[in-house]
Amino acid sequence: LRAALRAAEDELATHRASVRELTRFDDLTGLLNRKEMTRLLAEEVERARRYKHPLSFLRVDVDDLARINAQHGTAMGDEVLRSVAAVLRANLRPIDQPARYGGAELAVILPNTFASDAVQVAERLRGLVADAASRTKHAATPHPHVTISVGVVGIHESDESPDQVVAAAGVALAEAKGRGRNAVVAFVDLS
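Structure report, in brief. (Residues numbered from 1 in each chain as written. Predicted model: local features only at pLDDT ≥ 70, side-chain atom pairs only at ≥ 80, totals over all residues. Heavy atoms only, no water.)

**Topic: the overall build of the protein**
Next up, step 1: Along the backbone of the protein there are six helices and five strands.
Next up, step 2: In sequence order, the secondary structure elements of the protein are arranged as α-α-β-α-α-β-β-α-β-α-β.
Next up, step 3: Within the protein, contacts between residues separated by at least 24 positions form 67% of all contacts whose residues are at least 6 apart in sequence.
Next up, step 4: Split by element, the accessible area of the protein, about 10,400 Å² in all, is 54% carbon and sulfur. (Helix = DSSP H or I, 4+ residues; strand = E, 2+ residues; numbered from the N terminus. Contact = heavy atoms within 4.5 Å. Areas by Shrake-Rupley, 256 points an atom, 1.4 Å probe, with all protein chains shown as cover.)

**Observations concerning helix H6 (residues 162–178)**
Next up, step 1: Between its terminal C-alpha atoms H6 stretches 24 Å, which fits the 24 Å expected from 17 residues at 1.5 Å a residue.
Next up, step 2: Along H6, the positions that sit buried rather than exposed are Val-165, Val-166, Ala-168, Ala-169, Gly-170, Ala-172, Leu-173 and Ala-176.
Next up, step 3: Looking one or two places after H6, you find Gly-180, whose phi comes out positive at around 105°. (Expected span 1.5 Å × (residues − 1). Buried < 20%, exposed > 50% of the residue type's maximum accessible area, 1.4 Å probe, protein only.)

**Re the packing of aromatic side chains**
Next up, step 1: The full count for this structure, using the stated rule, is zero aromatic pairs.
Next up, step 2: Arg-34 extends its terminal NZ or CZ atom over the ring of Tyr-101, reaching a point 3.9 Å from the ring centre. (Phe/Tyr/Trp six-rings, centres within 6.5 Å; stacked < 30°, edge-to-face > 60°. Lys NZ or Arg CZ within 6 Å of the ring centre and 35° of its normal.)

**Observations regarding the side chain of Asp-96**
Next up, step 1: With respect to the helices, strands and loops of the structure, Asp-96 is situated in the loop between helix H4 (74–90) and strand S2 (97–102).
Next up, step 2: In terms of polar contacts, Asp-96 uses its side chain to reach the side chain of Arg-93, at 2.6 Å.
Next up, step 3: With residues near it in sequence (within four places) discarded, Asp-96 still touches Val-108, Ile-109, Leu-110 and Pro-111. (Polar contact = N/O pair within 3.5 Å; in protein donor to acceptor, adjacent residues only side chain to side chain.)

**Details of helix H2 (residues 34–51)**
Next up, step 1: In this model H2 runs 25 Å from its N-terminal to its C-terminal C-alpha over 18 residues, within 8% of the 26 Å that 1.5 Å per residue would give.
Next up, step 2: Check the buried side of H2 and you find it contacts strand S1 (55–62), S2, strand S3 (105–111), strand S4 (148–155) and H6.
Next up, step 3: The N-cap of H2, judged by a side-chain oxygen 3.3 Å from the amide nitrogen of Lys-35 a few residues on, is Asn-33.
Next up, step 4: Two residues or fewer past H2, Lys-52 is found with a positive phi of approximately 55°.

**Some details on the packing of helix H3 (residues 65–72) against H4**
Next up, step 1: In contact at an axis separation of 6 Å, H3 and H4 are set at 140° when each is read in the N-to-C sense. Taken together, the axis directions place H3 and H4 in an arrangement best described as oblique. Between H3, through Leu-65, Ile-68, Asn-69 and His-72, and H4, the contact on the second element is made entirely by Thr-74, Met-76, Gly-77, Val-80 and Leu-81.
Next up, step 2: The residue makeup of the contact of H3 with H4, split by class, is five nonpolar, four polar and no charged. (Axes fitted to C-alpha atoms, helices over the stretch in contact; angles between N-to-C directions. Parallel < 35°, antiparallel > 145°, perpendicular 65-115°, else oblique. Nonpolar A, V, L, I, M, F, W, Y, C, P; charged D, E, K, R; others polar.)

**Quick word on the nonpolar core**
Next up, step 1: The biggest cluster of nonpolar side chains holds 30 residues, and the ones touching the most others in it are Leu-58, Val-62, Val-80, Val-84, Ile-148, Val-150 and Val-152.
Next up, step 2: Sorting the residues of this core by element identifies S1, H3, H4, S3, helix H5 (115–136), S4 and strand S5 (184–186) as the ones contributing at least two each.
Next up, step 3: When residues in this core are grouped by element, the largest group, seven residues, is from H4.
Next up, step 4: The contact partners of Val-152, leaving out residues within four places of it in the chain, are Phe-57, Leu-58, Ala-115, Ala-118, Val-119, Ala-122, Ala-172, Val-184, Val-185, Ala-186 and Phe-187. (Core = buried A, V, L, I, M, F, W, Y, C linked by side-chain atoms within 4.5 Å.)

Set out below in C-alpha cells:
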C-alpha cells in the first residue's frame, strides 16, 4: 500500500511539474510567456540593483505581421513568429531570456549587459532575421520579407522599476518603427 501511495505521489509530482512548465511558455513560439518574463524581469532588476550589475531589455516587434497575416494567412504569420523566435533562441547566450510579449512582439532580458552591448546584440539579431527570411525565399513556398524593429533599454544601479524598463523599451521600439521599421533604437538616444 505504501509503495502504491509513493508511486501515486511521484506521478502527481511529475504531472504538477509538467503543468508548471506549460504555464511558463508560449505555445506558438516555445519562448517564455509574458507572465513568466515579467516575473523574471522583476528578479533581474532586483539582482542588478543589489549587485550593481548591468541589465538590458529588448522589445522586439515583427514588422508588418498584420500585413503578412492578411496577404499570406495566419498560418504563415505563425510560421514567421516561430522562425523569429528560433533566431532569438539560437543566437542568444544561455543566460538571456527571450519571451513572447504578445501579438507580434517579443522581448529579451539580457543580464550582465550594458545598453551599448545590447544595441549590438539587437543589430545582430535584426540582421540574422532578415538573412534567415531571405534564405527561405528560395524555397518552394514563397515567404514574405521579414524584418524586426527593436527598442533597447539598459539599467545600471538605477531606481527603475520593471514596469519603467518595459515602458522605456516600448518608447524606443515606437521610435524604431517610426523611423521606417527594420531598425534598432536605444532609449538613451531619445533623451
